[in-house]
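Letter by letter, the chains look like this.
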Amino acid sequence: MIRLENIFKTFIHNKKPIYALKDININVPKGQIYGVIGKSGAGKSTLIRCVNLLEKPTSGKVFIDNQELTLLSNRQLIHVRRKISMIFQHFNLLSSRTVFENIAFPLELERTPKKQIKAKVNELLELVGLAEKANVYPANLSGGQKQRVAIARALANDPKVLLCDEATSALDPETTRSILELLKNINKKLGLTILLITHEMDVVKQICDQVAVISDGQLVEQAPIGEMFSNAKTDIARQFIQSTLHLNIPDDYRRKLSPIQEEGLYPLLRLEFSGVCVDSPLLSQAAKEFNIDNNIISAQMDYAGGAKFGIMLTEMIGSPINTKNAIQFLQNNNTKVEVLGYV
Ligand SMILES: Nc1ncnc2c1ncn2[C@@H]1O[C@H](COP(=O)(O)OP(=O)(O)OP(=O)(O)O)[C@@H](O)[C@H]1O
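Right, let's walk through the structure included here. All values reported here derive from a predicted model rather than from experimental measurement. (Residues numbered from 1 in each chain as written. Predicted model: local features only at pLDDT ≥ 70, side-chain atom pairs only at ≥ 80, totals over all residues. Heavy atoms only, no water.)

1. Here's the deal with the overall build of the chain
- When its secondary structure is counted, the chain shows 12 helices and 14 strands.
- Each of the 343 residues in the chain was classed as buried or not, and the buried ones make up 48%.
- For the chain, the exposed area adds up to about 17,300 Å²; of that, 47% sits on carbon and sulfur atoms.
- Averaged over its 41 positive side-chain charges, the chain has a centre that lies 10 Å from the centre of its 35 negative ones. (Helix = DSSP H or I, 4+ residues; strand = E, 2+ residues; numbered from the N terminus. Buried < 20%, exposed > 50% of the residue type's maximum accessible area, 1.4 Å probe, protein only. Areas by Shrake-Rupley, 256 points an atom, 1.4 Å probe, with all protein chains shown as cover. Lys, Arg positive; Asp, Glu negative; His and termini not counted. Charge placed at Lys NZ, Arg CZ, Asp CG, Glu CD.)

2. Comments concerning helix α5 (residues 143–155)
- For α5, built from 13 residues, the straight-helix expectation of 18 Å at 1.5 Å per residue is met to within 8% by its first-to-last C-alpha distance of 19 Å.
- Most of α5 sits inside the fold, with 10 of its 13 residues counted as buried.
- Three or more residues of α5 are buried, namely G144, Q147, R148, V149, A150, I151, A152, R153, A154 and L155.
- On its buried face, α5 is in contact with β6 (84–88), α3 (99–109), α4 (114–127), β7 (161–165) and α6 (173–190). (Expected span 1.5 Å × (residues − 1). Contact = heavy atoms within 4.5 Å.)

3. Digging into the sheet that holds strand β8 (residues 193–198)
- The six strands lie next to each other as β6-β7-β8-β3-β9-β10, forming an open sheet whose pairing is mixed. On the outer flanks of this sheet lie β6 and β10 (218–224), each paired with one strand and no other. Going across the sheet, the axis of each strand differs from the next one's by a mean of 15°, ignoring polarity.
- Here strand β9 (residues 210–215) pairs with β10 via six bridges, running antiparallel. Bridging from a neighbouring strand, V213 pairs with E221 of β10.
- Lying on the sheet, helix α9 (residues 235–242) is in contact with β3 (33–38), β9 and β10; it crosses β9 at an angle near 115°. (Pairing = 2+ DSSP bridges. Axes fitted to C-alpha atoms, helices over the stretch in contact; angles between N-to-C directions.)

4. Examining the environment of E123
- Mapped onto the secondary structure, E123 falls in helix α4.
- Counting along the chain gives 33 residues from E123 to A156, while the straight-line C-alpha distance between them is 9.7 Å.

5. So, the packing of α3 against α5
- Direction vectors running N to C along α3 and α5 enclose 30°, while the axes themselves pass 7 Å from each other. Regarding the angle of α3 to α5, the classification is roughly parallel. When the axes of α3 and α5 are compared, the crossing they make is right-handed. Along the contact surface, α3 presents V99, N102, I103 and P106, while α5 presents V149, A152 and R153.
- Considered class by class, the residues forming the contact of α3 with α5 number five nonpolar, one polar and one charged. (Parallel < 35°, antiparallel > 145°, perpendicular 65-115°, else oblique. Left-handed = near helix turned anticlockwise from the far one by under 90°. Nonpolar A, V, L, I, M, F, W, Y, C, P; charged D, E, K, R; others polar.)

6. Focus: the pattern of salt bridges
- Applying the stated rule across the entire model yields 14 salt bridges.
- K160 serves as the salt-bridge partner of D65, at 3.0 Å between the closest nitrogen and oxygen. On the criterion of sequence distance, the pair formed by D65 in the loop between β4 (59–64) and β5 (67–68) and K160 in the loop between α5 and β7 is long-range, its members being 95 residues apart.
- According to the relative accessible area criterion, D65 is partly exposed, its value standing at 36%.
- Exposure remark for K160: the relative accessible area of 35% places this residue in the partly exposed category.
- Here E272 and K336 are joined by a salt bridge, their closest N and O atoms 3.8 Å apart. Linking E272 in strand β11 (residues 267–274) with K336 in strand β14 (residues 336–342), this pair joins segments that are 64 residues apart in sequence.
- One salt-bridge network, held together by shared partners, links K9, R49 and E55. (Salt bridge = Lys/Arg side-chain N within 4 Å of Asp/Glu carboxyl O.)

Spelled out as structure tokens, the structure:
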């Protein structure tokens, strides 16, 4: 449904080129939710704005539903853009219009008859759970409610594609979850194709079918969500995945942590499991085979797209040679091991 082919975008700033997008290729099948994740300045906003040509690519082709947008005149584009809606981090509602009037706005621009507008807006208000707020002004809504209005307005013209530009970045975690749930429902109910950009892997984990990682203007990795979480290939993708897991070293361990292995001290390990190794009893195998004990201090396991992954903090008790061999065994079995120090 959305296809980007060899997209480059170069800005000129103070006579110097900024290569914001370098040879981007993306294919989003109809009905999918596709996430693009990247750090600040990676090129996410430029990328999503190239999809509806709010930003014209320097070169490359943009297709929506097999129609090449990069060939269209500005006039033709206005018509096509009605089927490509967008929602934003800061909602962009019209403050002088009520909730009902905000949602009606794109239909008024189309000169839709009043009766039809009323029916459509009421249907959308139901869909986003705001039927009671029809006559309220945006100033009197919470952030989550404002985003619901923006979503309803974005759906007014029955778009084929919804672009979400950091749509939950201004919201607290609970509201974020409810907005993502709403987007997922809409995706299922209406078969809407959604492209979203975000800097949060939690967002991707919750709703995306596929994800691409963008770094310094380039797509460095893309995969279905389960595959990405179980077998990420680049360091940057692994960093994003790890950012969804939170393990702190407890204070008393942190205090006694020594950088060298003195007598009577044992390694404190941070283990990263993903994909196949999660389901194998590696720690107990290592304990039996190398005569060591594991004192697990904390652990977090998670699921995304059917894949299990996680991290663990453990003190490995045994002689230096046995712990060394056990660590090697874990590494040989696809577990990432970091020796944080000795306790
Ligand atoms: N209109 C512009 N003129 C010049 N440079 C620009 C313009 N828009 C973006 N850039 C540059 O292009 C690069 C990518 O910017 P972009 O806003 O797409 O990144 P981003 O990943 O969305 O970042 P953030 O998450 O901070 O919004 C940056 O180096 C930015 O400074």
